[in-house]
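Observations on chain architecture
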Amino acid sequence: MVYILMADGFEEIEGIMVVDLLRRARIDIKMVSISDTKDVISSHNVPIKTDILIDEMEEDYDMLVLPGGLKGTNNLKASLKVKEVITKQYEKGGYLAAICAAPTVYGEMGLLKGKKATCYPGLEDGLIGAEWTGDSVTVAVDGKFITSRSLATSVDFALKIIEILAGKEAADKVAAGVVYRGW
């Protein structure tokens with residue numbers, strides 16, 4: 001199970017691209033609202049109905065994914081419940097993925113110390129303790145952390161998650177199905 005945490009102000013492409021491509025790979029995912037309603041409003045005022053609320057998450061899952069968007073990322077950072085589920089996932093050694101501004105959630109929690117990571121250009125200071133991978137890396141993987149740069153790297157990010165959870169063949173099949181040439 002992959003939980004994609006969605007907060008008001010999340011960047012819709014970064015969230016929905018992951019949802020779409022992981023579902024194409026037949027990976028079980030749930031869109032999770034971090035508030036008390038399943039209705040979330042994206043950074044460009046697109047209403048999204050999530051699958052569950054954060055309080056409905058089950059304990060056993062494979063990965064947490066944080067879409068970016070500055071407002072959405074700030075809402076993730078402000079949520080004690082989000083910090084709680086991230087901490088539990090980190091402590092059990094599970095996968096933690098984030099794109100755009102969202103890797104700074106892990107950085108500011110002190111979880112990226114000594115890890116290679118990337119994020120939206122200009123937000124590198126939020127990757128506290130991490131080794132920033134530079135402008136040329138679109139997706140950084142270090143241990144159980146997967147980080148990516150921006151909306152433009154959403155396909156690469158989703159395909160890397162598929163590769164990690166279901167294998168390179170599954171990622172290649174999804175990439176071919178959407179006629180993606182960058183993979």
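Everything in this summary refers to the structure shown in the same document. (Residues numbered from 1 in each chain as written. Predicted model: local features only at pLDDT ≥ 70, side-chain atom pairs only at ≥ 80, totals over all residues. Heavy atoms only, no water.)

1. A word on the pattern of salt bridges
- Under the counting rule described, the total for this entry stands at eleven salt bridges.
- Between K81 and D55 there is a salt bridge, with the nearest N and O atoms lying 3.7 Å from each other. Taken together, the residues K81 in helix α3 (residues 80–91) and D55 in the loop between β5 (52–53) and β6 (63–66) connect sequence positions 26 residues apart.
- On the accessibility criterion, K81 (28% relative accessible area) is partly exposed.
- Its relative accessible area of 62% is what places D55 among the exposed residues. (Salt bridge = Lys/Arg side-chain N within 4 Å of Asp/Glu carboxyl O. Helix = DSSP H or I, 4+ residues; strand = E, 2+ residues; numbered from the N terminus. Buried < 20%, exposed > 50% of the residue type's maximum accessible area, 1.4 Å probe, protein only.)

2. Thoughts on the environment of S154
- Mapped onto the elements, S154 comes out in helix α5 (residues 154–166).
- Distance in space between the C-alpha atoms of S154 and C100 is 9.1 Å, their sequence separation being 54 residues.
- Beyond its immediate sequence surroundings of up to four residues, S154 is in contact with I13, E14, M17 and I99.
- A distance of 2.8 Å separates a polar atom in the side chain of S154 from the backbone oxygen of L151. (Contact = heavy atoms within 4.5 Å. Polar contact = N/O pair within 3.5 Å; in protein donor to acceptor, adjacent residues only side chain to side chain.)

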